[in-house]
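# Structural characterization, general
Here are the chains, one letter per residue:
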Amino acid sequence: MQAPAQKPAVRAFACPNCGGGMELRGFQHTRSAVCIQCLSVLDTSDEKIKILQKFDNRQRVRPIIPLGTRGKLHGTVYEVIGFMVRTITVEGTQYSWHEYLLFNPYKGFRYLTTYEGHWNDVVPCHGLPAAATAGGRKAAKYLDRTYKHFQNAMAETTFVMGEFPWAVKVGEKVENDDYVSPPYILSAERDNKEVNWSHGTYMTGAEVWSHFNLPGQPPPASGVFANQPSPHQGRVGRIWKTTLVWLAIWFVAVVFFGISAQNKLVFDQAYRFEPRTAERSEASFVTPVFELSGRTSGVDVEIRTDLANNWAVFHLALINEETGQGFDFGQDVSFYSGVDSDGSWTEGSRSESVTIPKVPSGRYYLRVEPEADASAPAVRYQLQVRRDAPHVGWLMLVLPFLLIPPIVVSLRSASFEGARWAESDYAPSSD
Amino acid sequence: MSRLANCPSCGAQVQFRFAQAVQTACPYCQSVIVRTNVDLEKVGEVAALPPDPSPIQLYTEGIIGNKAFQVVGRLTYSYEQGFWNEWHLLFHDNTTGWLADAQAQYAYSQLVAPPSRLPAKGKLKRGQTFHWPQGEFTLTHLTVARYVGFEGELPFATDGRHEETVFADLKSPTAAFATIDYSEDPPLLFMGRIVTFDELQLKNLKMFEGW
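Residues numbered from 1 in each chain as written. Chains lettered and ligands numbered in written order. Predicted model: local features only at pLDDT ≥ 70, side-chain atom pairs only at ≥ 80, totals over all residues. Heavy atoms only, no water.

Moving on: the sheet that holds strand β26 (residues 379-387) of chain A. Residue and element names in this part refer to chain A. The strand order across the open sheet formed by 4 strands is β17-β26-β20-β24, and the pairing between neighbours is antiparallel. Across the chains shown, the open sheet's two edge strands, defined by having one partner strand only, are β17 (264-273) and β24 (351-359). The mean inter-strand angle of the sheet, taken between neighbouring strand axes irrespective of direction, is 15°. For strand β20 (residues 297-305) and β26, the ladder comprises 7 bridges, and the chain directions are antiparallel. Residue pairing in the sheet places valine 301 in a bridge with valine 385 of β26. (Pairing = 2+ DSSP bridges. Helix = DSSP H or I, 4+ residues; strand = E, 2+ residues; numbered from the N terminus. Axes fitted to C-alpha atoms, helices over the stretch in contact; angles between N-to-C directions.)

This part covers the interface of chain A and chain B. Of the residues lining the interface, 36 residues belong to chain A; the matching set on chain B comes to 37 residues. For the chain A and chain B pair, buried surface summed over both sides reaches about 3,300 Å², with 57% attributable to carbon and sulfur atoms. A:Lys107 is the salt-bridge partner of B:Asp198, the closest N and O atoms lying 3.0 Å from each other. Contributions of two or more residues to the side of chain A that touches chain B are made by β7 (76-90), β8 (93-104), β9 (108-115) and β16 (195-204) of chain A. Looking at which element gives the most residues to the side of chain A that touches chain B, the answer is β7(A), with 3 residues. Grouping the constituent residues of the side of chain A that touches chain B by class yields 20 nonpolar, 9 polar and 7 charged. (Contact = heavy atoms within 4.5 Å. Buried area = accessible area lost by both parts, 1.4 Å probe. Salt bridge = Lys/Arg side-chain N within 4 Å of Asp/Glu carboxyl O. Nonpolar A, V, L, I, M, F, W, Y, C, P; charged D, E, K, R; others polar.)

Counting 50 residues, the largest nonpolar core has A:Leu112, B:Leu89 and B:Leu99 as its most contacted members. Looking at which element gives the most residues to this core, the answer is β7(A), with 6 residues. Here B:Leu99 is in contact with B:Ile56, B:Asn85, B:Glu86, B:Trp87, B:Leu89, B:Tyr106, B:Ala107, B:Tyr108, B:Val195 and B:Leu200, once residues within four sequence places are set aside. In this structure, A:Phe273, A:Phe327, A:Val333 and A:Val379 belong to the second largest nonpolar core, which totals 29 residues. (Core = buried A, V, L, I, M, F, W, Y, C linked by side-chain atoms within 4.5 Å. Buried < 20%, exposed > 50% of the residue type's maximum accessible area, 1.4 Å probe, protein only.)

All names here are of chain B. Scanning all chains against the criterion turns up 0 disulfides over all chains. In this structure cysteine 7 is not part of a disulfide, and its nearest cysteine sulfur, from cysteine 29, lies 3.7 Å away. According to the relative accessible area criterion, cysteine 7 is buried, its value standing at 4%. (Disulfide = S-S within 2.5 Å.)

Written as structure tokens, this is what we have:
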């Protein structure tokens, strides 16, 4: 024997307050409904419709998705049957969000909530979330995921339209706790009797518009919402991993070039320069010839002086005795020191060195031309030439280029998270 | 026990799908028939059930876990939020269970022996926890309900069920579900889990015009 398939009769009735005609979409699930004309809240749980609450001339709010609109979520058609505005007050400012009640006679009820262009697809939790802590803060654990506590507030129902499977009332207050783990949000609603948990998944306005086939453009999202997924999520870790690999390669290169260089002292000679006589006698001279052997590599020329509160400039040339090919270079050396109110200070250095890269092997000499203030005292200095000097300066120049991308990504991610948590109970400025 | 019997009121043939059924309704004369040993006894007339928005009906078929079932009976309760159904499921291996259906949210459970002594009705408190081998359960909802009516076959007789009954709903972190039913003394424990409409793979559902 087969029971005949029956469809529940569509309930149609007249509003006991204004007489306006009403039809219910939520079958016998509907326990209360709001008259479209006079906005009275009606108790529909019985054949005899009773008025639960009369509309008190508060401002009408227009749902951006009209009641009766059908859309597809997760492959199932849902119909918008209810709409409510809920308001919280934080530090004297009211914030309101909208909730759409969606219905499918087989799959039941779910909600779409929206605030400032951000959307969430919300369903009741099947399991019971457990209290937890994350980083010393309140958190909730649900199905192996930890949600950080975001906000506690009293949420008041401030406007209703459509129909609901419970007795809805304007002015009703519940304590609301939100926990986030983007793109998910976990909410606990507590009245004086019980706690009801729900689970939301972030949606963009564009997704809602496409699922519900709505005309025009969705309102633009402003700011960062509590459970809005960060565009940088996962990127920070990934880019630092890549950077670590490059840093390891870089470090190996530095060590390789450093160790493989012989850095052999091939010339070492002390001189004295008398600036006062430099005008009369030619200051320029050439050193004895020295051998630069082996592969083409760097040459390091170090100048050590005994300058005291003075400066000197050394014009130098490293010249190949056989070919006459020369490498011209110059180096300033200056050293100042003194004592002031902050204590003793120094500026500059008595010694400087210059590295000439890629010098072929051969017999070389230096042409040296010191220069200093004509009134300065004599300068003693020492010239040291080293063959196959470690040439890692260019590697140091590479370093910032390796580090800039991960630092930029980290900063952007931190700023996104900062904007998210600025709206929470844990904003840095609030208590 | 025989699967076929005659209605003690009108004589029509009554077929039992569930061999251990204790109560059924005669499909012809709407008598409530209770089976005692081998006899059938008419104990009253079937009360009209309220219009039901559930997509499930008698003889709907589905799957829990990997066991196929057929709906053979239904109990309806009324409570603060309206009505809910307890669908009596008969599995192909002749075991039974219940599918609760309230506002199109579904929970499956079956009668189990309580792992520990269940609290007395007056000692129930929301938030109290039970550490059982099946998991840690927390009492989330206390519902006072009234039996409204039945259809199909039930494993017990419903006569005398007119008092308000307390049901304590328990949930675990992993969506396990339990109900302590205080309609009997000592109370009964039903245990199972919250299920989704899709996983039940239901067939022979009610059709809704426009859906």
